[in-house]
Amino acid sequence: TLLDTAPKPLAGKRAIVTSGPTHEPIDPVRYIANRSSGTQGHAIAAALARAGADVTLVSGPVSLDDPRGVRTVHVERAEEMRDAVLLALPADIAVMVAAVADWRVASASGEKIKKQADGATPVLSLTENPDILKVIGHHARRPALVVGFAAETNNVEQNGRAKLERKGADFIVANDVSPETGIMGGARNRVAIISRDGIDRWPDMGKDEVAEKLVALIAERFK
Ligand code: CTP
Ligand code: CA
């Protein structure tokens, strides 16, 4: 095998990445979740590690292998993801890629909910989950560089900029996840990088390439 002589611009830096969906239980056999394969988040964690960073990846349930050279923590629920992220502080870099479920069932049933003979349907009462990116973006031990994603189906840039401000991020990686783009679950992505300096639209490229370019942008900030 070849010796890895690639430059390590992020040597000595600690990074936290979230990836995948979260699963919020309804009962022991059912859950609420977002669509997310974890492909983009895992690729970013791997690219940060290749750039020399010490990476903690907090992953929701995905069918991907743990990336090489990365400390991977597996979680199910948003609250568990938040706790694992806070445990990984302090860090220099946080990249929140996970498609966190915005709501959880207020009181999940400890027992399987059974269908009723009369066809009566259960009513789920939801409560909002912690916004992990917002917690990190406003934390007393905030990482020097905080990156969020914004998966949108419309007004991608406007919504992305609002998220940058509201969540205290340095960059928002905005992408259009309308079904016709094929981005959800696919290998390609088309993103726009939103910062306080403006917006940089990247062409359609592979998710691995997006990861490489994003890590190069992050490394630039630490020069
Ligand atoms: N995020 C998070 N915790 C949440 C919700 C979102 O950390 N509970 C992060 C995501 O990982 C992503 C960013 O916030 O980096 C934007 O997520 P998104 O779902 O697009 O934004 P929301 O604020 O949840 O707004 P909405 O879903 O209403 O568009
Ligand atoms: Ca959301």
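- Labelled according to an unreviewed UniProt entry, the chain appears under the name Coenzyme A biosynthesis bifunctional protein CoaBC, originating from Rhizobium setariae.

Things to note about the UniProt feature "binding site: CTP" (unreviewed entry) in the chain
- If you check UniProt for "binding site: CTP" (unreviewed entry), the listed places come out as Asp102, Lys112, Pro130, Asp131, Ile132, Leu133, Phe149, Lys163 and Lys167 in our numbering. Across 66 residues, the annotated set is spatially dispersed, with a maximum C-alpha separation of 37.2 Å.
- Residue placement: Lys112 occurs in the loop between β7 (103–105) and β8 (126–128).
- With residues up to four places along the chain from it excluded, the contact list for Lys112 reads Asp27, Pro28, Val29 and Arg30.
- Along the polypeptide, Phe149 turns up in strand β9 (residues 145–152).
- By relative accessible area, Phe149 is classed as buried at 16%.
- For Phe149, the contacting residues outside a window of four places in its chain are Gln40, Ile44, Val95, Met96, Val97, Ile172, Val173 and Leu214.

Here's the deal with unusual backbone geometry
- Here the amide bond leading from Leu89 into Pro90 is cis, since omega sits at 0°, within 30 degrees of zero.
- Note on placement: Pro90 falls in the loop between α2 (78–87) and β6 (93–96).
- The phi dihedral of Asn155 is positive, around 45°, even though this residue is not glycine.
- Looking at the secondary structure, you find Asn155 in the loop between β9 and α4 (156–167).
- In this structure Asn155 comes out as partly exposed when scored by relative accessible area, which is 47%.

Some thoughts on the coordination of the calcium ion (ligand 2)
- With distances of 2.5 Å, the protein atoms coordinating the calcium ion (ligand 2) are Asp102 (OD) and Asp102 (OD).
- Among the structural elements, Asp102 can be located in the loop between β6 and β7.

Looking at helix α1 (residues 39–50)
- Compared with the 16 Å implied by 1.5 Å per residue over twelve residues, the 16 Å span of α1 between its first and last C-alpha is a close match.
- Counting buried positions along α1 yields ten of twelve residues, so the element is predominantly enclosed.
- What α1 keeps buried is the set Gln40, Gly41, His42, Ala43, Ile44, Ala45, Ala46, Ala47, Leu48 and Ala49.
- Residues of α1 that are buried make contact with β1 (14–19), β4 (54–59), β6, β9, β11 (188–189) and α5 (207–221).
- At the C-terminal side of α1, Gly52 shows a positive phi close to 100°.

Observations concerning α2
- Three or more residues of α2 are buried, namely Ala78, Met81, Ala84 and Val85. The buried residues of α2 occupy one face: seen down the axis, they fall within an arc of 125°.
- In the core, the buried residues of α2 are packed alongside β1, β2 (23–27), β4, β5 (71–74) and α3 (132–137).

Overview of the environment of Ala43
- For Ala43, the location among the structural elements is in helix α1.
- Along the primary structure Ala43 and Leu86 are separated by 43 residues, whereas in three dimensions their C-alpha atoms are 22 Å apart.
- Sequence-distant contacts of Ala43, that is, excluding residues within four places in its chain, are made with Lys207, Asp208 and Ala211.

Overview of the site of ligand 1
- Residues in close proximity to ligand 1 total 16 residues, the closest being Met96, Ala98, Pro130, Lys163 and Lys167.
- Take Ala98: an N or O atom from its main chain is 2.7 Å from an oxygen atom of ligand 1.
- Between ligand 1 and the protein, one listed contact pairs an oxygen atom with a backbone N or O atom of Leu133 at 2.8 Å.
- Coverage of ligand 1 by the protein chains reaches 78% of its 570 Å² of free accessible surface.
- Looking at the shell around ligand 1, the elements with two or more residues in it are α3, β9 and α4.
- When residues in the shell around ligand 1 are grouped by element, the largest group, four residues, is from β9.
- Grouping the amino acids of the shell around ligand 1 by side-chain chemistry returns ten nonpolar, one polar and five charged.

Notes on the side chain of Lys207
- Mapping Lys207 onto the fold places it in helix α5.
- For the buried residue Lys207, which engages in no salt bridge, the nearest side chain bearing the opposite charge is Asp208, 9.9 Å off.
- Sequence-distant contacts of Lys207, defined by excluding residues within four places in its chain, comprise Thr39, Gln40, Ala43, Ile183, Gly185, Gly186, Ala187, Arg188 and Asn189.

Reading guide: rules and limits
Residues numbered from 1 in each chain as written. Chains lettered and ligands numbered in written order. Predicted model: local features only at pLDDT ≥ 70, side-chain atom pairs only at ≥ 80, totals over all residues. Heavy atoms only, no water. UniProt positions renumbered as here; feature names shortened; annotations may be inferred. Helix = DSSP H or I, 4+ residues; strand = E, 2+ residues; numbered from the N terminus. Contact = heavy atoms within 4.5 Å. Buried < 20%, exposed > 50% of the residue type's maximum accessible area, 1.4 Å probe, protein only. Donors = N, O, S within 2.8 Å, 3.2 Å for Na, K, Ca; no water. Expected span 1.5 Å × (residues − 1). Arc of directions from axis to C-beta. Near = heavy atom within 4 Å. Polar contact = N/O pair within 3.5 Å; in protein donor to acceptor, adjacent residues only side chain to side chain. Areas by Shrake-Rupley, 256 points an atom, 1.4 Å probe, with all protein chains shown as cover. Nonpolar A, V, L, I, M, F, W, Y, C, P; charged D, E, K, R; others polar. Lys, Arg positive; Asp, Glu negative; His and termini not counted. Salt bridge = Lys/Arg side-chain N within 4 Å of Asp/Glu carboxyl O.

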